[in-house]
Every structure is written in C-alpha cells, then in structure tokens.
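# Working through the structure, step by step
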Amino acid sequence: FSLGHFLGWRKGIDLVAQPTLISPHGGSLVDRMASGADADALRQKAADSPKIGLSAKQVCDLEMIATGAFSPLEGFVGPEDFTSICRDMRLSNGTVWPIPITLAVDDETKATLSEGGTAALHHPDGTLLAVIDIESIYAHDKALEIPNVFGTEDEAHPGVKAVMDEGEWLVGGPVRVLTTEPESGDAERFETYRLSPAQTREAFTKLGWSRVAAFQTRNPIHRAHEYLCKCAQEICDGILIHPLVGETKPGDIPADVRMKCYETIIEHYFVADCTMLSVMPAAMRYAGPREAVLHALIRQNYGASHFIVGRDHAGVGDYYGTYDAQLIFNQFGRDEILVEPLRFEHAAWSHRAQGMVSAKTFPKIKDDQVFLSGTKVREMLSKGERPPGEFSRPEVADVLIEWASSTAATA
C-alpha cells in the first residue's frame, strides 16, 4: 500500500483510458509551496520579519493550505470571509466554506505585526515553515464563531475549548510555504501514506479510477465501518481510506496504532486493487455537521467523487443529532458541492441475518443486533478482553489489545 504501489504500473493490469476526475473545489488546485530561488528569497524575507509561533492546529492548517487540500484558500481568512463563513457557511464571494481557517495570535504577538507587512511562521520546535503576507489584523470574534460553527458554547466541547484558548486577534493573508516538515522529526508523519491532493489525483488517474469514494475516520475500522466502505466500493471504482492523523483530542486512539489497524484490516479483508490508504494531516474540530461539509470538500480536492457520511460524522458527545451531518448537505446545490455524499444509516451485526444490516435493510428485532460504545470497547481492551467478532475483526482486535495492555502497564 505504498506510494510506489499506486503510482507505478502494476504487472498484469492493462492500461486504461485516463479517467476524468472531479474538479477541485473552486475550480483549481491551490499550491502554496515555494522552491528554488523563490524559496531562497522567502527565507531572506523571513529573517527580516516578525515571528509567529504556530499551535499544533495551525501547523496542520498550514499544511492543508500549502498542498491545496483547503482549495480554494490560499492562506488564513480575513475579516470578510471570517464573518461570512460563520454566518452563512460561505466565503465572501459566495463559495461554500463551512469553518473559518484562522491564524490566531495573542496581544504580545499582535503588537509586532502590521498590515501590509509580512511575518515568519514557525513550528513549535522553531522550524521556519512559511511566510504570510499580512492583509488584515482583526479582532477574533469568538462570540460569532463558536455558536455558529459548533452549535454550542459549552467549553466541555473540545472544539469550543480550542477556540476559547486561542488568541484574541486574527491575522489574515496568503501564505507561501517553505516546508511542512519540522526539523525535530519527533512526530510520526507516515510519509509512505502522506500524499498530497496532486499525488492522490495522479494515483487515481494511473489506476483508472474516476468514481472514488472517500472514507473519513479518526478511529480503527470496525465491522460497521468496513460494511460502509464495501458498499461504496460496489458503486465506485475504488475507495480511499483517508484517516485523519492531525491533532485530535485526548483519549482518541493514537495515530500510529490506528494506522497499524488500517494496514491490518486492508491486508486481510480488502481487495488491494480497489483500495487505497492515505493520511490526511488535518486537525479535528469536532464540529459535527459543518465539519462533515469541510471533510467532503477536502476529499473533493483529493479527487474523490463520493464521500461517506455515516452516523454523527465528526461529532462528539451528544452535541449533534444522529444524522445532522447528512441533513446539512440539503442546504447546498449540486453545483456548489460537487462531491456526492453517501448517506448511510447506523449499521450493526444482526445475529438473525448473520451479517451487517441497517434500519433500511433489516427489521429491528429485540436483542438481535450488536452495538458497542467506544467506552465499552476501550474497557474491554484495557482488560485484555477481545471485542466480539461481530464488532471487530480479530486481527484488528489483536492490535488494539496489544496497545491497550501496554498502555495499562505503563499507567
């Protein structure tokens, strides 16, 4: 499942006519990476510019902008776009965009900046990542952003808390990026799977895929997830399993453990020629319906024509209705969001049907279906207990038990 596997022609597979892939959101794929003489000039400009130290979330956002995953954004949003996004889920020019991508700074940093100037953007380890051309510096209207984006002002919500903890000023303007990789190299980046939108599009073209379903996940794939993916594979040329490996909340299963789970289930239960694994380096907002729209637009930029939206997509706790993340797509025209949402019901194993079912495909019978909460599964794993085979493939359970046991032993 390496990049080479997808970008190289595979023996025994006939060449096919190049497919027509879905257009990026906004019409063209943004590329804000600098190289050569441009990069040298940028480093010189950075040396003479004030510094902005980025948070983990901002580092993720910068990479998503740089590679075009956030197309059509070319930088962090200004005040007109910020207000329009919060109120109407659109950029000020009318293009659909559900969550403001912002560069928040504190009072001390703001005092060093000026509109019309530049600033050097640094990773927490000190690595120079990019330069921003400062078009605007404006007050961070958290009272507008939080209730509109998250649908709640409860600071127990991880997305709300993240915004509340940010600086009181926002810096808007286009960025030019030197690197997305910190010099410290202390974080697992999954380089084999870290494909840019341009690279996934190239891979899809060489594979002959034009109808591509994308599956977003920040958890290991259990049987219900597997069912959704395979339903999508039946109507598409292939599936992009696209886990989020950027910043997540405490308590989520670590990305390296999840990646081992993805590799394991794909090896044993998916057809390699119809399955692609890549990572998305975005930060989770846990914004439910709005984030479902963002995730769909991102996957459109990666070249996916279809996007799986299941139960409580990108939700957390009880903040959102079970299918709010599906219903929100009804607010937009098909010419506004080109990627097609695949709206799936909550799926589970049915003892009577002897397979995966949903409310649409099988009648509900008392005590028939296997539902396990994430909390219950983690409790079982911590005790070295295997989740039932109706919930999790045994090979995946082995990976999770090993992780949970080692975590408990060092606690």
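Calculation notes
- Residues numbered from 1 in each chain as written.
- Predicted model: local features only at pLDDT ≥ 70, side-chain atom pairs only at ≥ 80, totals over all residues.
- Heavy atoms only, no water.
- Salt bridge = Lys/Arg side-chain N within 4 Å of Asp/Glu carboxyl O.
- Helix = DSSP H or I, 4+ residues; strand = E, 2+ residues; numbered from the N terminus.
- Buried < 20%, exposed > 50% of the residue type's maximum accessible area, 1.4 Å probe, protein only.
- Pairing = 2+ DSSP bridges.
- Core = buried A, V, L, I, M, F, W, Y, C linked by side-chain atoms within 4.5 Å.
- Axes fitted to C-alpha atoms, helices over the stretch in contact; angles between N-to-C directions.
- Contact = heavy atoms within 4.5 Å.
- Phe/Tyr/Trp six-rings, centres within 6.5 Å; stacked < 30°, edge-to-face > 60°.
- Lys NZ or Arg CZ within 6 Å of the ring centre and 35° of its normal.
- Polar contact = N/O pair within 3.5 Å; in protein donor to acceptor, adjacent residues only side chain to side chain.
- Parallel < 35°, antiparallel > 145°, perpendicular 65-115°, else oblique.
- Nonpolar A, V, L, I, M, F, W, Y, C, P; charged D, E, K, R; others polar.
- pLDDT = per-residue confidence, 0-100.
- Expected span 1.5 Å × (residues − 1).

Another point: the pattern of salt bridges. In total, this model carries 15 salt bridges according to the counting rule given. For Arg-43, the salt bridge identified is with Asp-40, shortest N-O distance 3.3 Å. Of the two residues, Arg-43 and Asp-40 are both situated in helix 2 (residues 36-47); the distance of three residues between them amounts to about one turn of the helix. Among the residues examined, Arg-43 registers a relative accessible area of 42% and is labelled partly exposed. Close ionic contact of Glu-202 with Lys-206 constitutes a salt bridge, the shortest N to O distance being 3.7 Å. With a gap of four residues between them, Glu-202 and Lys-206 both fall in helix 8 (residues 197-207), about one helical turn apart. Using a relative accessible area of 37% as the deciding quantity, one classes Glu-202 as partly exposed. What makes Lys-206 partly exposed here is its relative accessible area of 29%.

The three strands are arranged 14-13-15 in an open sheet whose pairing can be described as antiparallel. A strand with exactly one partner marks an edge of an open sheet, and here the two such strands are strand 14 (355-358) and strand 15 (369-370).

So, about the nonpolar core. Core analysis: the biggest nonpolar cluster contains 70 residues, and Leu-62, Phe-70, Phe-76, Trp-97, Leu-121 and Ile-132 have the highest contact counts within it. The element contributing the most residues to this core is helix 11 (residues 289-302), with seven residues. Core analysis: the next-biggest nonpolar cluster, separate from the first, contains 34 residues, Cys-229, Met-259, Leu-277 and Phe-391 among them.

Now for the environment of Ile-22. Examined against the element boundaries, Ile-22 turns out to sit in the loop between helix 1 (3-7) and helix 2. Along the sequence, Ile-22 and Gln-300 sit 278 residues apart, while their C-alpha atoms lie 6.9 Å from each other.

Here five strands make up an open sheet; going across it, the order is 10-9-8-11-12 and the pairing parallel. One side of each edge strand has no neighbouring strand; the edge strands of this open sheet are strand 10 (275-277) and strand 12 (340-343). When the angles between neighbouring strand axes are averaged without regard to direction, this sheet yields 25°. Sheet topology note: the strand 9 (residues 238-243)/strand 10 ladder contains three bridges and is parallel. Each residue of the ladder has a partner; that of Ile-239, found in strand 10, is Thr-275. Sitting on the sheet, helix 11 touches strand 8 (212-217), strand 9 and strand 11 (306-309), and the angle it makes with strand 11 is about 150°.

What follows covers the packing of aromatic side chains. Geometrically, a pair of aromatic rings is defined through the distance of the ring centres and the angle of the planes. This model, assessed by the stated rule, comprises four aromatic pairs. Between Phe-204 and Trp-209, the ring centres sit 5.7 Å apart and the planes meet at 20°, which makes this aromatic pair stacked. For Phe-204, a relative accessible area of 0% translates into the label buried. For Lys-110, the ring lying beneath its charged end belongs to Trp-169, and the centroid distance is 4.3 Å.

Within the element layout of this structure, Thr-200 appears in helix 8. Residue contacts for Thr-200: discarding those within four places in its chain leaves Leu-195, Met-276, Ser-278 and Tyr-302.

A few words now on the side chain of Gln-233. Structurally, the position occupied by Gln-233 is in helix 9 (residues 223-235). What makes Gln-233 buried here is its relative accessible area of 17%. Within the local environment of Gln-233, its side chain forms a polar contact with the backbone oxygen of Cys-274, the two atoms lying 3.0 Å apart. In contact with Gln-233, not counting residues within four places along its chain, are Ile-239, Phe-270, Cys-274 and Thr-275.

Here the focus is the packing of helix 8 against helix 11. At a minimum axis separation of 7 Å, helix 8 and helix 11 run at an interaxial angle of 60°. Classified by the angle between their axes, helix 8 and helix 11 sit oblique to one another. The residues of helix 11 that touch helix 8, namely those facing Pro-197, Thr-200, Arg-201 and Phe-204, are Gln-300, Asn-301 and Tyr-302. Counted by class, the contact of helix 8 with helix 11 contains three nonpolar, three polar and one charged residues.

Apart from glycine, the bulk of residues carry a negative phi angle, and the bulk of peptide bonds sit in the trans form. Of note, the amide linkage connecting Ser-71 to Pro-72 takes the cis form, showing an omega dihedral of 15°. With respect to the helices and strands, Pro-72 occurs in the loop between helix 3 (56-67) and strand 2 (75-76). One non-glycine residue, Asp-312, lies in positive phi territory at about 50°. Relative to the helices and strands, Asp-312 is located in the loop between strand 11 and helix 12 (324-327). Unusually for a residue other than glycine, Gln-354 sits at a positive phi of about 60°.

Another aspect to go through is the confidence of the model for the chain. Confidence along the chain averages 92 in pLDDT terms, with 94% of residues attaining 70 or more. Low pLDDT (under 50) marks residues 6-16, which in the prediction has 18 contacts with non-local residues, meaning those over four places away or in another chain.

Below, the discussion takes up helix 9. Between its first and last C-alpha, helix 9 extends 19 Å over 13 residues, near the 18 Å set by a 1.5 Å rise per residue. Among all positions of helix 9, only Arg-223, Ala-224, His-225, Glu-226, Leu-228, Cys-229, Ala-232 and Gln-233 are buried.

In this model helix 11 runs 20 Å from its N-terminal to its C-terminal C-alpha over 14 residues, within 8% of the 20 Å that 1.5 Å per residue would give. Looking one or two residues beyond helix 11, the residue adopting positive phi is Gly-303, at roughly 105°.

Before going further, it helps to examine the pairing of strand 5 (residues 128-133). The pairing of strand 4 (residues 118-122) with strand 5 spans five bridges and is antiparallel. Residue Ala-119 lies in a different strand from strand 5, and its bridge partner there is Ile-132. Joining the antiparallel neighbours strand 4 and strand 5 is a turn of five residues, in which Gly-126 adopts a positive phi near 100°. Bridge count between strand 5 and strand 7 (residues 169-177): three bridges; the pairing is antiparallel. Bridge pairing in strand 7 links Val-131 to Arg-176.

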